[in-house]
Structures are given as structure tokens and as C-alpha cells.
Amino acid sequence: MRALKIIFWTLWRIWFYILMTFPILIMFPFLVLSILKESGYPYFFKMARIWAKIILFGMGFRYKIDKSQEMELGKSYMIVANHTSMADIMLMLVLTKNPFVFVGKKELSKVPIFGFFYKRTCILVDRGSSKSRMEVFDRAQKRINQGLSICIFPEGGVPDDEAILLDTFKDGAFRLALEHEIPIAPITFADNKKRFSYTFLSGSPGLMRVKMHNHVSTVGKTAVDRKNIRDEVRDIIHTQLVAFAKKSSKNYS
């Protein structure tokens, strides 16, 4: 039985990378045209949403989204969520039509084909470089000034300890939100780690639950409020993760 699972997981992971690559090859000329100028990013974003839906459907993932508050088109937000899976990127893309730019780790730019567009459309960060972190801040400010939203996973990566439900949050997302007085849109992913974690021999098709919370206002707030807002947003996501876990345990009991 274990051998069959290993074969399934191996083929399933290979299928994931095929699904990542094939739509990009089909849309390649249009994707390239959309990134020639920064003003073309909204068109790129529309194609990225199609790409994400193909991957989620092809992997057998279905998603259930509970929205307490919608994001308004044409308005900038700081979108933050917990991070446990590469599928977080795809699921985030299908949640809103409001174009946003990811702030992501530099390492993903090495993924063939995907990385070509990733490094040209996302804001890359080298977590070990203070200079890189400052450049991220400058580039994010530019994108916000263009009317786009920013998406950051404020844990700064996936926690190494499997027992950690939600890691501590870094300040960057909240500094930017306060600087531009844009609302923070917290999002909780319940099942992404179970469905498609970074552990190779793991995962399965199935349901991915998402909670889009009420937005946290930053209007009239200053840098002295950053810690309180950061902790408030983390508490919103952590509380929802606990609620999701309790609901899951009841369903299986």
C-alpha cells in the first residue's frame, strides 16, 4: 500500500509541474506582450488567474470561499495570508479580480518557464539581504502608487517546525499599509498544507477552505500603531485557523 502511495504522489507531483508549464506555453506570446510595460500588468493578471484555475481544477482541488468583505475593484489593498503550500499562490489568484502583485522569495525565479514570468512580475526578496528587503519596500511603494494591491505572506516563509500553526509576522506588510493608508485584507487558508505541502510525498485532491476576513483600516494610524495592527491581523488569522481545525476534528469524530 505504501508503495502505491509513493507512486501516486510522485506522478501527482510531476502532473503539477506539467499543469504549471503547459498553460504558460500556450499563452506565452500574450504573456510576454503583457509584461513589456508595467501598464500591461492587469492583462497579465487576468491570464494568471486562468492559469491558476487550470492548475487547481487539474489537481483535483475544489475551493470553498467564505467572504466577510469583498475587495473593491480599482482600490489598493495589503493582502496577507498564512503560508504553507505552493498552491497558496494559485488559490490567492482566484480569490479576487482586483490585480495584485506578489512579494515572494527569490528562489522561485529558478523554476523553469514559470520563473521567467515570476521574476518579471513579482517583487522578489532575498531574506538574507537587508539591501534586498529595502528594495522590496521601494518597489512595493511604486506598485501601490500605480493603483495595484500587494500580496505578502507575513510569516516570511513556511515554518520549519511542523507543529507551528502560524509563525510570527514580519513588519514589512504593515509598514507599507500604514505608509499608504491602504486597508489590510487578511485571508486564512485552512487546508492547503494538507492538500499540497512542500513535503514531496504528501497531499491529495480535495477541498480547500478559505476565509476572507473583514478589512483592517489603517486610516489615521501611524508607525506607532504598527505592532498593534500586526498583532491584530495575526490574531484574526490564528483564531480562524483554530476554528477550522476544530471544525475538521468534529467532522472526523
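We now turn to the structure provided with this report. Given the structure is predicted, the values throughout are model-derived calculations rather than measurements.

Criteria and thresholds
- Numbering of residues starts from 1 in each chain and follows the order in which that chain's sequence is written.
- Since the coordinates come from a predicted model, pLDDT governs what is reported: local features require at least 70, and pairs of side-chain atoms require 80 or more to be given and counted, while whole-chain, interface and lining totals use all residues.
- Side-chain figures throughout are based on the complete set of non-hydrogen atoms in the structure, without hydrogens or water.
- Strands are runs of DSSP state E lasting at least two residues, helices are runs of H or I lasting at least four, and both sets are numbered from the N terminus onward.
- Note on method: radius of gyration uses C-alpha positions; expected globular size equals 2.2 Å times residues raised to 0.38.
- We get accessible surface area from the Shrake-Rupley algorithm with a probe of 1.4 Å; when it comes to residues, only the shown protein chains can shield them.
- In this charge count, Lys and Arg are treated as positive and Asp and Glu as negative; neither His nor the chain ends contribute.
- Where a charge lies is defined by one atom per residue type, namely NZ (Lys), CZ (Arg), CG (Asp) and CD (Glu).
- For every residue, the accessible area obtained with a 1.4 Å probe (protein chains only) is divided by the maximum for its type, and the residue is called buried under 20%, exposed over 50%, and partly exposed between those limits.
- Two strands make a pair as long as DSSP finds a minimum of two bridges between them.
- The axes are straight lines fitted to the C-alpha atoms, using for helices just the contacting stretch, and the angles between their N-to-C directions are given from 0 to 180°.
- Any two residues having at least one pair of non-hydrogen atoms within 4.5 Å are treated as being in contact.
- Put plainly, a pocket is an open set of points on a 1 Å grid over the protein atoms alone with protein on both sides within 12 Å along at least five of seven lines, a cavity is a set where a 1.4 Å probe fits but cannot get out, and a lining residue has an atom within 4 Å of a point.
- Grid points are joined across faces, edges and corners, and a volume is the space filled by probe spheres set on the points.
- Geometric relationships in this document are graded by angle, where less than 35 degrees denotes roughly parallel, more than 145 denotes roughly antiparallel, 65 to 115 denotes roughly perpendicular, and other angles denote oblique.
- By convention the crossing between two helices is left-handed if the near helix lies anticlockwise of the far one by an angle smaller than a right angle, and right-handed if it lies clockwise.
- Under this grouping Gly is polar, as are all residues other than the nonpolar Ala, Val, Leu, Ile, Met, Phe, Trp, Tyr, Cys and Pro and the charged Asp, Glu, Lys and Arg.
- Residues qualify for a patch when their relative accessible area is over 30% and they have no salt bridge, like charges being joined within 9 Å and the nonpolar side chains of Val, Leu, Ile, Met, Phe, Trp and Tyr within 5 Å.
- Only one rule defines a salt bridge in this text: a Lys or Arg side-chain nitrogen within 4 Å of an Asp or Glu carboxyl oxygen.

**Here we look at the overall build of the chain**
- Looking only at helices and strands, one finds 8 helices and 7 strands in the chain.
- In terms of overall size, the chain behaves like a compact globule, its C-alpha atoms giving a radius of gyration of 18 Å where 253 residues would be expected to give roughly 18 Å.
- Overall, the C-alpha framework of the chain stretches about 60 × 50 × 35 Å when taken along its three principal axes.
- Summed over all atoms, the accessible surface of the chain reaches about 13,100 Å², with 59% contributed by carbon and sulfur.
- Of the charged side chains in the chain, 38 are positive and 22 negative, and the gap between their average positions amounts to 7 Å.

**What about the environment of Asn228?**
- In this structure, Asn228 sits in helix α8 (residues 226-252).
- Residue class for Asn228 comes out exposed when judged on its relative accessible area of 52%.
- For the pair Asn228 and Phe174, spaced 54 residues apart in sequence, the C-alpha to C-alpha distance is 10.0 Å.

**Side note on the sheet that holds strand β5 (residues 149-152)**
- Read across the sheet, 7 strands follow the order β1-β7-β6-β2-β5-β3-β4 without closing on themselves; strand pairing throughout is mixed. With one partner strand each, in any of the chains shown, β1 (61-67) and β4 (123-125) form the two edges of the open sheet. Taking the axes of each pair of neighbouring strands and ignoring which way they run, one obtains an average angle of 20 degrees across the sheet.
- Pairing between strand β3 (residues 100-105) and β5: 4 bridges, direction parallel. Within β5, the position partnered with Phe100 by the bridge is Ser149.
- The strands that helix α6 (residues 172-180) touches are β2 (78-81), β5 and β6 (184-189); relative to β2, the one it contacts most, it runs at about 160 degrees.

**Thoughts on empty space enclosed by the protein**
- Applying the stated criterion to the full structure yields 1 cavity of 30 Å³ or more.
- A volume near 260 Å³ is recorded for the largest cavity.
- What lines the largest cavity is a set of 17 residues, and nearest its centre among them are Phe44, Ala48, Trp51, Phe114 and Thr121.
- Mapped onto the lining of the largest cavity, the elements with two or more residues apiece are α1 (2-34), α2 (41-58), α3 (87-95), β3 and α4 (114-121).
- When residues in the lining of the largest cavity are grouped by element, the largest group, 5 residues, is from α2.

**Remarks on the packing of α1 against α2**
- Where α1 contacts α2, the two axes come as close as 10 Å, and the packing angle between them is 160 degrees. Regarding the angle of α1 to α2, the classification is roughly antiparallel. For the crossing formed where α1 meets α2, the hand is right-handed. Contacts between α1 and α2 involve Trp15, Phe16, Leu19, Met20, Pro23, Ile24, Met27, Phe30, Leu31 and Ser34 from the former and Tyr41, Tyr43, Phe44, Met47, Trp51, Ile54, Ile55 and Gly58 from the latter.
- Its residues assigned to classes, the contact of α1 with α2 comprises 16 nonpolar, 2 polar and no charged.

**Some points on unusual backbone geometry**
- Residue Ile113 is not a glycine yet carries a positive backbone phi of 65 degrees.
- Relative to the helices and strands, Ile113 is located in the loop between β3 and α4.
- The phi torsion at Glu181 lies on the positive side, around 50 degrees, for a residue other than glycine.
- Along the chain, Glu181 falls in the loop between α6 and β6.

**Some details on a nonpolar patch on the surface**
- On the surface, Met1, Leu4, Ile7, Leu11, Ile14, Trp15, Ile18, Phe22 and Ile26 cluster together into a nonpolar patch covering about 1,000 Å² of accessible area.
- Summarising the element assignment, Leu4 is placed in helix α1.

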